[in-house]
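Spelled out, the chains give:
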Amino acid sequence: MEKFLAVILIFVVVAAAGLMYVNQVYNPQKETQMAMADMAKETLSAVKLEIGDGTISREVMGNEIKEIIEGYLHDNVIDRVTIGGVNSDNIDHISDITNLNTIDVASRYYMRVTSNNGKISEIRFIEIE
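Calculation notes
Residues numbered from 1 in each chain as written. Predicted model: local features only at pLDDT ≥ 70, side-chain atom pairs only at ≥ 80, totals over all residues. Heavy atoms only, no water. Pairing = 2+ DSSP bridges. Helix = DSSP H or I, 4+ residues; strand = E, 2+ residues; numbered from the N terminus. Axes fitted to C-alpha atoms, helices over the stretch in contact; angles between N-to-C directions.

### Observations regarding the sheet that holds strand β3 (residues 86-91)
1) Next: Read across the sheet, 5 strands follow the order β1-β4-β5-β2-β3 without closing on themselves; strand pairing throughout is mixed. Looking along the sheet, the strands with just one partner apiece sit at the ends: β1 (55-61) and β3. Strand-to-strand twist of the sheet, defined as the mean angle between neighbouring strand axes without regard to direction, takes the value 15°.
2) Next: Two strands pair when backbone bridges link them, and strand β4 (residues 108-116) and strand β5 (residues 119-127) are joined in this way by 8 bridges, in the antiparallel orientation. Within β5, the residue paired with Val 113 across the bridge is Ile 123.

So, in structure tokens, the structure goes:
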């Protein structure tokens, strides 16, 4: 009986050590790898836009849209920004977009960016239902 209890005690200690490893080492590494993958995906999208066929697309959250547009507007003029089917043309400042306040910040949007000769010509945001 004592050997049986000793085996159970050793099993419990090994299981506890395994759980501590997963919580302290594996999960943070996994989160870091996921963050690095997201950054690599965004970098690849930017490179595709510059040297590829002139379009990129991805999903974004509503609370990111204003920041994304401001990033593309930095020292540029965008020919057209479409949010939910409403167009705004010749945008050189974020305040030129009339329906920016209609964005649901908790929703997901499909974003498509089109460029011609390195100049952003259109950004579209379509809400995903």
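Past the structure itself, the notes keep going.
### As for the pairing of β4
1) Next: As paired strands, β1 and β4 are joined by 7 bridges and run antiparallel to one another. Each residue of the ladder has a partner; that of Thr 55, found in β4, is Thr 114.
2) Next: Where β4 hands over to β5, the hairpin turn is made up of 2 residues, of which Asn 117 adopts a positive phi near 55°.

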